[in-house]
Each structure stands twice: as structure tokens, then as C-alpha cells.
Amino acid sequence: MKLGLMASLLNGRPYEEALDFVASEGLQAIELGTGNYPGDSFVNLVELLGDDGKLRNWKGAIDSRGLELSALACHGNPLHPRADVERKHHEVFRSTVLLAEKLGVRRVTLFSGCPGDQTSTYPNWVVAAWPTDFREVVKWQWEERVIPYWREQAEYARQHDVLLAFEMHPGMVVYNPETLLQLREACGENIGANFDPSHLYWQGIDPVLAIRALGKEGCVFHVHAKDTALDPVNSPLNGVLDTKNMSRVADRSWIFRSVGYGHDALHWKQIISALRIVGYDYVLSIEHEDAVASIEEGLRKAVGVLQECILTEEPATPWWT
């Protein structure tokens, strides 16, 4: 496996300066946002799709530093009930697929999105089965919006030899292994996971069990390395559903942390071993959203933990087999 960086934490820096930073930290890969929620500081979709010379120079800057482009990220909500948001996020997604094809990058990381209901102007993420109105909303969302949309987009991605790596993210209709596999069954085998354990921990999901379940289907396409810490007081007192601003660290039930600061190295070794067992041998893309640590220190701490955990050699055939 290789270590990489989800580069949105470097948004605002000059492109080549950001690449220099990634290379100087001993990383081997980079994941770049093309728009929507990750932003597009380093990717101008219109320019790169329209000018092959600029595209070569842009990609050459990555190659010259010995970096691999692991994925293009366009996390958004193309199912948003407001037409202007839906259209914008959809257009970024479609253009991202085209750019991935031109670059020979097979993975696009993204969200499933979340519709509203029949009359709303904001997304409606349902988290309870009763009153029965909630179940009717979920049924309508999946049958009328989610499956028709992603069935068409999965076919579009197949035509361009692109895998769609969905981040299982609360607030979106795909938020756990069950809903990811539901979407995959309905829409096709080029739908899989951008596996980010940080969103699973606070839901009470065991990442190792999730990897095993998804790995049976061969649908772990990309991995984010990000940790989560549950507060030992706030979480047992108030539960894990928490809408307070992420900056209110002392008040929240959980916060995102750098790798190793929510769960120890043994736990991350178990995650990486599980990934290896199911055949994943690609990039661990570090995502920094730690409100306690600086970008530089949080990244370096994560790199240190992950370097200890990664197995770099092919396993030998045991003598007893």
C-alpha cells in the first residue's frame, strides 16, 4: 500500500507549492478535488478538459515529483432538492468523470447525495423508522430519485472506464455498508466504497467488519485514513447525534482526529490487515480534519502511525500449506 493525501487541506496554496509539500512529507500519492465540497483550488475542469497542453503540464507537475494521482474527488449532492445546487453538483461530477478518463485515473471519490421529500427545498436525511412518515420518505427517495439517478450515472461512468468510490457519510443516503451495497446491487459493480472509517466509528460500526463485508463484494475502491474520538463524557450523556459546530471540541460527543489520536496503532494495524486480506493494495489517502492539531503536525503524526502499520512486502507462501 501507498500513503497519500486528500489535498483539500492545502486549498489556497499555489499548486506546485502544494505538490512540493506533499512530496517533502514522504507521501507517494495525492487525491485532488475538482469542485463541489472539496473545492477546486488545484483543478480547473474547464481548462484541463479543453486544452491538452495545459493538461500535460498540470499532470507533469505531479509526475515530476514522483507522485501518483490516486483519485479525483467531487463530493457533492447531485440529488439536492434545489435545482441550482443539483445542476451544479451534477455538472462537476460529469466533468470529473471525463477528466479521470483523460488522465487514466480510474477512481472518482464522491458522495451519494441526499434528496429532500416531494416538496422540500433542503435535503432530508432520515434516521428513524417511526412515525411511519419517515419510512415513506426513504421509500420515495430511493425509488424516485436515488436509484434512477445513480443507475444512469453508473452507466455513464462505465462508458468512461471509471469506478465510483462512494464515501459512506451520514447526511447522505449512502452512510453505511448496507446502504452502499443496496446502491451497488441496484446500479452496478462499478459502484463501491471510498472507505473512510472516521464516519463509521461514531455510528457504532466496526471498520474491520465493514471491510470484510465490502471486501466479499470486491468493492473497496479507495481508502481515506482519518480517525474519530468519542468524548467519554458527552457521548454517553447525549448520544452520538450531534449538530454542534465541529469547532466546539469540548462540547461535542465526537470529533475527527488525526490517525492514532482516536484509536491506537494496534487498531489501525487491524484495519490495514483487513484491507490486505480482502485484496486492497492501493492508496491510504490521509484526510486531515482535526480541530486539535495543526495541518503539519496532524499530518506528520498520521504518517508516522501509518508507516508503522503498513505491510510493504508480499506475503510468502507458508511452508505448512
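Along each chain, residue indices are assigned from 1 in the same order as the chain's sequence is written. Totals for whole chains, interfaces and linings use every residue, but because this is a predicted model, local features are given only for residues with pLDDT of at least 70 and side-chain atom pairs only at 80 or more, for both listing and counting. With hydrogens and water excluded, all non-hydrogen atoms of the structure serve as input to the side-chain values.

Colleague: How would you explain the overall build of the protein chain if you had to name every residue and give the values?
Modeller: Tallying secondary structure elements over the protein chain gives 11 helices and 10 strands in all. The reference for a compact globule is 2.2 Å times residues^0.38; the radius of gyration itself is calculated from the C-alpha atoms. Relative to the compact-globule value of 20 Å for 321 residues, the protein chain shows a C-alpha radius of gyration of 20 Å, a close match. In terms of overall dimensions, the protein chain has a C-alpha envelope of 55 × 50 × 50 Å along the principal axes. Pairs at least 24 residues apart make up 78% of the contacts formed inside the protein chain by residues separated by at least 6 positions. To measure how exposed things are, a 1.4 Å probe is used in the Shrake-Rupley method; for residues, cover is taken only from the protein chains shown. As displayed, the protein chain offers around 14,900 Å² of accessible surface, 51% of which is attributable to carbon and sulfur atoms. Each helix corresponds to a stretch of at least 4 residues labelled H or I by DSSP, and each strand to a stretch of at least 2 residues labelled E; elements are numbered beginning at the N terminus. Only heavy atoms enter the contact rule, under which two residues are in contact if any of them lie within 4.5 Å.

Colleague: I'd love a proper account of the pattern of salt bridges, names of residues and values included.
Modeller: Whenever a carboxyl oxygen of Asp or Glu lies within 4 Å of a side-chain nitrogen of Lys or Arg, that contact is scored as a salt bridge. Following the criterion strictly, the structure yields 21 salt bridges and no others. One salt bridge connects R158 with E155, and the closest N-O pair in it is separated by 3.1 Å. In this pair, R158 and E155 are both assigned in helix α5 (residues 133-159), 3 residues apart and thus about one turn of the helix distant. Throughout, exposure labels follow a simple rule: accessible area from a 1.4 Å probe, protein chains only, divided by the maximum for the residue type, with under 20% read as buried, over 50% as exposed, and the rest as partly exposed. Accessibility expressed as a relative area gives 36% for R158, which makes it partly exposed. Exposure remark for E155: the relative accessible area of 34% places this residue in the partly exposed category. Within this structure, D196, K226, E287 and E289 form a network of salt bridges that share partners.

Colleague: Can you lay out the pairing of strand β10 (residues 283-286) for me, pointing to particular residues and giving the numbers?
Modeller: Note on strand geometry: in a regular strand, side chains alternate between the two faces of the sheet. Residues V283 and S285 line one face of β10 and the alternating positions L284 and I286 line the opposite face, and both faces are buried. Strands qualify as paired when DSSP identifies two bridges or more between them. Judged from the 4 bridges that link them, strand β1 (residues 2-6) and β10 form a sheet pairing that is parallel. When the bridges of β10 are listed, G4 appears paired with S285. As paired elements, strand β7 (residues 220-225) and β10 share 3 bridges and run parallel to each other. Paired with V223 across the two strands is L284, which belongs to β10.

Colleague: Before we move on, can you summarise the sheet that holds strand β4 (residues 107-110) with the specific residues and values?
Modeller: Strand order in the closed barrel made by the 8 strands is β1-β2-β3-β4-β5-β6-β7-β10, with parallel pairing throughout. The mean angle between the axes of side-by-side strands here comes to 30°, regardless of whether they run parallel or antiparallel. Sheet topology note: the β4/strand β5 (residues 163-166) ladder contains 4 bridges and is parallel. Note on β5: the bridge partner recorded for V108 is L164. Across the sheet, helix α11 (residues 295-309) lies against β1, β7 and β10, angled at about 155° from β10, the strand it touches most. Where helices are involved, their axes are fitted lines through C-alpha atoms of the stretch in contact, as for all axes, and angles between N-to-C directions lie from 0 to 180°.

Colleague: An account of the layout of surface pockets is needed here, citing residue identities and associated values.
Modeller: The definitions used throughout rest on a 1 Å grid laid over the protein atoms alone, on which a cavity is an enclosed set of points accommodating a 1.4 Å probe that cannot get out and a pocket is an open set flanked by protein within 12 Å on both sides along at least five of seven lines; lining residues are those having an atom within 4 Å of a point. Grid points are joined across faces, edges and corners, and a volume is the space filled by probe spheres set on the points. Reported here for the largest pocket is a volume of approximately 310 Å³. Every residue lining the largest pocket is listed: W125, H169, P170, G171, M172, H199, W202, L241, D242, T243, W254 and F256. When the residues that make up the lining of the largest pocket are grouped by side-chain class, the tally is 7 nonpolar, 4 polar and 1 charged. Residue classes follow a fixed rule: Ala, Val, Leu, Ile, Met, Phe, Trp, Tyr, Cys and Pro count as nonpolar, while Asp, Glu, Lys and Arg count as charged, and any other residue, Gly among them, counts as polar.

Colleague: Which residues make up the environment of Y280, and what values go with them?
Modeller: By the secondary structure assignment, Y280 is in the loop between α10 (265-277) and β10. C-alpha of Y280 to C-alpha of D227: the two residues are 53 residues apart in sequence and 19 Å apart in space. Leave out the neighbours within four places in its chain, and Y280 touches M1, V220, F221, H222, V223 and L275. A polar contact is formed between the side chain of Y280 and the backbone oxygen of V283, at a distance of 2.6 Å. For the purposes of these results, a polar contact is taken to be a pair of N or O atoms within 3.5 Å, where, inside protein, one atom must be able to donate a hydrogen and its partner to accept one; residues adjacent in sequence count only when each atom of the pair is a side-chain atom.

Colleague: Lay out empty space enclosed by the protein with the relevant residues and their values.
Modeller: Evaluated as defined, the whole model comprises 2 cavities of 30 Å³ or more. Roughly 40 Å³ of volume is contained in the largest cavity. Forming the walls of the largest cavity are N36, C74, G76, N77, P78, H89, F93, L110, F111 and W150. Among the residues making up the lining of the largest cavity, the classes are represented as 6 nonpolar, 4 polar and no charged. Put simply, the second largest cavity is a space of about 40 Å³.

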